[in-house]
Amino acid sequence: MRTALYYTLMLLLGFAWYRLGQNLLRKRRWDESGNRTEGVVGPAGLLLCAGVACYLLFAFLRALVRGEVPCVGKACKMQIYTLAANAGEYWANMFFLAWMVFGLSYAMYVTLKIWFRA
């Protein structure tokens, strides 16, 4: 039951993140009061998101190749889950890594799309 709740909340969070990005993209370049429409992150945040997303993508691809993923979180104390021994925990951590990569990539996409529109 906890696993189903976890995945449902992750999907709802992803949907809310997608809706936020789409609402920002629908806005015009300048609003009624003359303020410019800002993206999800600023210039420093964009660089930070790019760095974190690249690291997480590397960790995801490395885990796919090696068949083992380190536990993501404070409660597990750097435990390593292998695909052969702990398939459920392995795929849960892989899902979290992929979800974070997609979320950060979408934030960068929305920000760059807003910055470079005509």
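Residues numbered from 1 in each chain as written. Predicted model: local features only at pLDDT ≥ 70, side-chain atom pairs only at ≥ 80, totals over all residues. Heavy atoms only, no water.

(A) The overall build of the protein chain, seen in detail. If you tally the helices and strands in the protein chain, you get three helices and two strands. Listed by position from the N terminus, the elements making up the protein chain come as α-α-β-β-α. A compact globule built from 118 residues would reach a C-alpha radius of gyration of about 13 Å, whereas the protein chain, at 18 Å, exceeds it by more than 25%. Referenced to the eigenvectors of the C-alpha coordinate spread, the extents of the protein chain come out at roughly 60 × 30 × 20 Å. Across the 118 residues in the protein chain, those meeting the buried criterion constitute 27%. Taking as baseline every contact in the protein chain between residues at least 6 positions apart, the subset at least 24 positions apart corresponds to 64%. Here the protein chain displays about 8,300 Å² of accessible surface, and carbon together with sulfur accounts for 69% of that area. (Helix = DSSP H or I, 4+ residues; strand = E, 2+ residues; numbered from the N terminus. Rg over C-alpha atoms; globule rule 2.2 N^0.38 Å. Buried < 20%, exposed > 50% of the residue type's maximum accessible area, 1.4 Å probe, protein only. Contact = heavy atoms within 4.5 Å. Areas by Shrake-Rupley, 256 points an atom, 1.4 Å probe, with all protein chains shown as cover.)

(B) Representation of the pattern of salt bridges within the structure. Tallied over the entire structure, the rule returns one salt bridge. Arg66 is the partner of Glu68 in a salt bridge, and the nearest nitrogen-oxygen pair spans 3.1 Å. The exposure class assigned to Glu68 is partly exposed, which follows from its relative accessible area of 25%. You can call Arg66 partly exposed: its relative accessible area is 47%. (Salt bridge = Lys/Arg side-chain N within 4 Å of Asp/Glu carboxyl O.)

(C) Examining the side chain of Asn93 more closely. Mapped onto the elements of the fold, Asn93 is located in helix H3 (residues 87-115). Judged by relative accessible area, Asn93 falls into the buried class, the value being 8%.

(D) Focus on the packing of aromatic side chains. In this structure the tally under the stated criterion is six aromatic pairs. When the ring of Tyr90 is compared with that of Trp91, the centres are 5.0 Å apart and the planes differ by 80°; the resulting orientation is edge-to-face. By relative accessible area, which is 45% here, Trp91 ends up partly exposed. Each member of the aromatic cluster is reached from another via a ring pair, and the members are Tyr6, Tyr7, Phe95 and Trp99. (Phe/Tyr/Trp six-rings, centres within 6.5 Å; stacked < 30°, edge-to-face > 60°.)

(E) Expanded view of helix H1 (residues 2-26). With 25 residues, H1 should reach 36 Å at 1.5 Å per residue; the first-to-last C-alpha distance of 36 Å fits that figure. All of the buried residues in H1 are Met10, Gly21, Gln22, Leu24 and Leu25. Contact partners of the buried residues in H1: H3. (Expected span 1.5 Å × (residues − 1).)

(F) View of the state of the cysteines. The full count for this structure, using the stated rule, is zero disulfides. Here Cys49 is not cross-linked by a disulfide; its sulfur's nearest cysteine counterpart is in Cys54, at 11 Å. Note on Cys54: relative accessible area 54%, which makes it exposed. (Disulfide = S-S within 2.5 Å.)

(G) Layout of the confidence of the model for the protein chain. Per-residue confidence for the protein chain gives a mean pLDDT of 87, with 98% of residues at or over 70. The spread of mean pLDDT over the elements of the protein chain runs between strand S2 (residues 80-82), the lowest at 84, and helix H2 (residues 43-66), the highest at 93. (pLDDT = per-residue confidence, 0-100.)

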